[in-house]
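# Summary of the model geometry
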Amino acid sequence: MPPVPTELPTVDWAGPGDPQYLLRPSPDAEPFHAALADNRLILRTCASCSRARYPHAPVCPYCGSPEYVWQEVVTGARLLTWGRCHLGLVPEFPPPYLVACALLDAGPPMIGALLGPGAAEPRPGDRLTVVAQRWPSGVHVAAFVDEGTSRRTNAGSTPSMSGANT
Amino acid sequence: MSAGAVAVAGCGVAGYGRFLDESVASIASRAVTAALDDCGLERSDIDGLFVHIGNPRGLDYDEVAKLLGLQITLAAQPWSHGRFGATVIGNAWMALKLGLVDCALCLAAWKPAAARGGTRESSIFDETLREGGGPHAEAPHAGAVAPVFGAALATRAYFDRYAVDPEKLGAVALSQRRSALRNPLALMHKEMTAADYAAARPIVEPLRLFDCSVPSGAGVALLLTREDRARGLRQAPIFIRGFQGIHAGPDEFIFGQPNLGVGTASAGQAYVPLGPDEPVYRQAGIAPSDVDLLGCYDGFSPQVLWTLERFGFCDVGEGAEWVQDGRIDIEGALPVNTSGGQLSEGHTNGWGATAEIVAQLRGQAGERQVAAAAVGQWATTLGDSIIYATSPN
């Protein structure tokens, strides 16, 4: 039995301004952002091999099938890598800020902002939660929260991979 | 099909830098005139035009032909990204092999954008909002608006996956700076110590300032012909012995190895590069151990490690250890980016390294000359490669 998806927390945009010009969802991405506004994480999932994918491609990157369904998936993720930016490139993101690439428990890797207390000192393997970040314009994007708890509870061991690859 | 090997007959370099007071047309013209003078071909000999960086930083092919007085019967121009340098030369090579043209001009001439990539004012900002994500895994909604983010994320993933000591990465930038000190055209002329490297400000951690290339404009022209024509000219022909193109797919990413998870659909699967079995080696009839010098795309320093691993110079995950102790210096076992590369000569979209391979194989590299250089290879993280040699077979 795949894990039951839990409701996606919403986190309000805490930065300056509104970064709405930094998102231009194609029609393929619109259901994803609409679901985030509804506190759900959905991904295109292959009707043939059952693997979820990101970005929202018409064809499965794993088996090549063009048949898919949008499926609600679990919100956990595991931190693969991150970067701490020291450049002020756009006014909405004053440095320093963190960008993460995480492996979703639902399958694919995804890049997003890294938020939360654990973002002060991230470690590969940190347990993350996907959240819906609500921008002032009303747009919702996916971001990651690192509560910083997985290191204390799993000190010296690999974080739990339970729930991976539904 | 037209028989015969294809060679670089002429090479012209207008220089590198910001070119504040010069038009792109003037930069291009100086490079083309230098290439014609270099080999003795006439402007009217040129019938194929292969342009690398077009508008808005450079000239498009039609502008080049109009403004430089060229009569062209076959023109081609890829997407204006640095990754396509070898593809431009490869397309010219194919057109010559097929007999579609007799003399191909490969031209790279542009000025750096006034606004830095990553800012809204940058002419290339819009690309980060493509349907499939930015060309370097940019994710603007997360503030990842410039190429360096994808490179930084991939670098840390690589360090973690192969338990690489991050301090060892500095050997790449340090080696290339040592070479640049012997190159009058290089933009970075200041000696750099390991302490200087380590003290440099972080850009996007784990990458520091000197892990990032130096923004630059460039003007480089190559003239390619078939062997019979190239033989009678001023310079010894430098033969193109093999070419393979850019690889692309769900698990390819410009700034990382396949399957690292950054800019790829998968993460964590075993990565087994073809290494010495890459088709370019079979075409050229050589092995990696025959390569006298390597040029590779170094927008960011870890790309050098990934290229060495992809093309079989060392094992996967061993690149950082392998480049220690001067191994990639001009006097090392495998000289890499001997002009200083994009990290120190300037971000020439690979053309500085290509001009350097030509100069080295001709024995014209002066203070930087690699002893008895007969085979030079261009290769990138994305899998494209050209093998150049003094001999046609």
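Residues numbered from 1 in each chain as written. Chains lettered and ligands numbered in written order. Predicted model: local features only at pLDDT ≥ 70, side-chain atom pairs only at ≥ 80, totals over all residues. Heavy atoms only, no water.

## Topic: the pairing of strand β10 (residues 375-379) of chain B
Residue and element names in this part refer to chain B. The element β10 is extensively covered by neighbouring structure, given that five of its five residues are classed as buried. Across the two faces of β10 the burial is the same, with V375, Q377 and A379 and G376 and W378 all buried. Of the pairings in the sheet, the one linking strand β9 (residues 293-296) to β10 comprises four bridges and is parallel in character. Residue L294 lies in a different strand from β10, and its bridge partner there is Q377. Relative to strand β11 (residues 385-389), β10 runs antiparallel, the two sharing five bridges. Bridge pairing in β11 places W378 opposite I386. (Buried < 20%, exposed > 50% of the residue type's maximum accessible area, 1.4 Å probe, protein only. Helix = DSSP H or I, 4+ residues; strand = E, 2+ residues; numbered from the N terminus. Pairing = 2+ DSSP bridges.)

## Observations concerning the nonpolar core
Residue and element names in this part refer to chain B. Counting residues in each nonpolar core, the largest one holds 85 residues, and the members touching the most others are V148, F149, L308 and F313. The element that contributes the greatest number of residues to this core is helix α4 (residues 147-162), accounting for nine residues. With sequence-adjacent residues up to four places away left out, L308 is seen in contact with L294, F313, C314, W322, V323, L334 and V336. (Core = buried A, V, L, I, M, F, W, Y, C linked by side-chain atoms within 4.5 Å. Contact = heavy atoms within 4.5 Å.)

## A few points about the environment of A:R127
All names here are of chain A. Within the fold, R127 resides in strand β8 (residues 127-134). What makes R127 partly exposed here is its relative accessible area of 22%. Expressed as a C-alpha distance, the spacing of R127 and P109, which sit 18 residues apart in the sequence, is 14 Å. A polar contact is formed between the side chain of R127 and the backbone oxygen of A77, at a distance of 3.5 Å. A distance of 2.6 Å separates the side chain of R127 from the side chain of D105, its partner in a polar contact. (Polar contact = N/O pair within 3.5 Å; in protein donor to acceptor, adjacent residues only side chain to side chain.)

## Notes on the interface of chain A and chain B
Each partner contributes to the interface: chain A provides 35 residues, whereas chain B provides 40 residues. When the buried surface of chain A facing chain B is broken down by residue, A:R24, A:L89 and A:I111 rank first, second and third, together holding 20% of it. Between the two partners, chain A and chain B, sit two salt bridges. B:E205 is the partner of A:R84 in a salt bridge, and the nearest nitrogen-oxygen pair spans 3.5 Å. The interface formed by chain A and chain B holds ten residue pairs in polar contact (both at pLDDT 80 or more) in total. Contributing elements (two or more residues each) for the side of chain A that touches chain B: β5 (76-85), β6 (97-104), β7 (109-115) and β9 (140-145) of chain A. Here the side of chain A that touches chain B takes six residues from β5(A), the largest share from any one element. When its residues are assigned to classes, the side of chain A that touches chain B shows 26 nonpolar, six polar and three charged. Inspection of the sheet shows β5(A) paired to strand β5 (residues 202-205) of chain B by two bridges, in the antiparallel sense. If you follow A:C85 over to β5(B), its bridge partner there is B:V204. (Buried area = accessible area lost by both parts, 1.4 Å probe. Salt bridge = Lys/Arg side-chain N within 4 Å of Asp/Glu carboxyl O. Nonpolar A, V, L, I, M, F, W, Y, C, P; charged D, E, K, R; others polar.)

## Here we look at the sheet that holds strand β4 (residues 68-72) of chain A
All names here are of chain A. The strand order β3-β2-β4 describes an open sheet built from three strands, whose pairing is antiparallel. The open sheet is flanked by β3 (52-53) and β4, the only strands paired with a single partner. Relative to β4, strand β2 (residues 42-46) runs antiparallel, the two sharing five bridges. Within β4, the residue paired with R44 across the bridge is W70. Most of the contacts of helix α1 (residues 30-37) go to β2, to which it runs at about 135°, and overall it touches β2 and β4. (Axes fitted to C-alpha atoms, helices over the stretch in contact; angles between N-to-C directions.)

## A closer look at helix α5 (residues 170-180) of chain B
Among the eleven residues that make up α5(B), ten are buried, leaving the element largely enclosed by the rest of the structure. In this fold, the buried residues of α5(B) make contact with α6 (194-199), α9 (302-310) and α11 (341-344) of chain B.

## Digging into the pattern of salt bridges
All chains considered together, the criterion is met by 18 salt bridges over all chains. The closest approach of N and O atoms between A:D12 and A:R134, which form a salt bridge, is 2.8 Å. Taken together, the positions of A:D12 in strand β1 (residues 10-12) and A:R134 in strand β8 put the pair 122 residues apart, joining distant regions of the chain. The partly exposed category is assigned to A:D12, whose relative accessible area is 45%. Note that B:K168 is salt-bridged to B:E321, the shortest N-O span being 3.4 Å. Of this pair, B:K168 sits in the loop between α4 and α5 while B:E321 sits in helix α10 (residues 319-322), placing them 153 residues apart in sequence. Using a relative accessible area of 25% as the deciding quantity, one classes B:K168 as partly exposed.

## Thoughts on the confidence of the model for chain A
The predicted model of chain A averages 90 in pLDDT, with 89% of residues at 70 or higher. Confidence over residues 153-166 of chain A falls short of pLDDT 50; this stretch has 19 contacts with residues more than four positions distant or in other chains. (pLDDT = per-residue confidence, 0-100.)

## Observations concerning the sheet that holds strand β4 (residues 103-110) of chain B
Residues and elements named next belong to chain B. Pairing is mixed in the open sheet, where nine strands are placed in the order β3-β2-β4-β7-β1-β8-β11-β10-β9. The sheet is open, and its two edges are formed by β3 (74-76) and β9, each paired on a single side. In this sheet, adjacent strand axes meet at a mean angle of 25° when their direction is disregarded. The pairing of strand β2 (residues 48-51) with β4 spans four bridges and is classified as parallel. Counterpart to V51 in the pairing with β4 is L107. The strands touched by helix α12 (residues 351-362) within the sheet are β1 (6-17), β4, β7 (217-226), β8 (238-244), β9, β10 and β11, with β1 carrying the most contacts at an inclination of about 125°.

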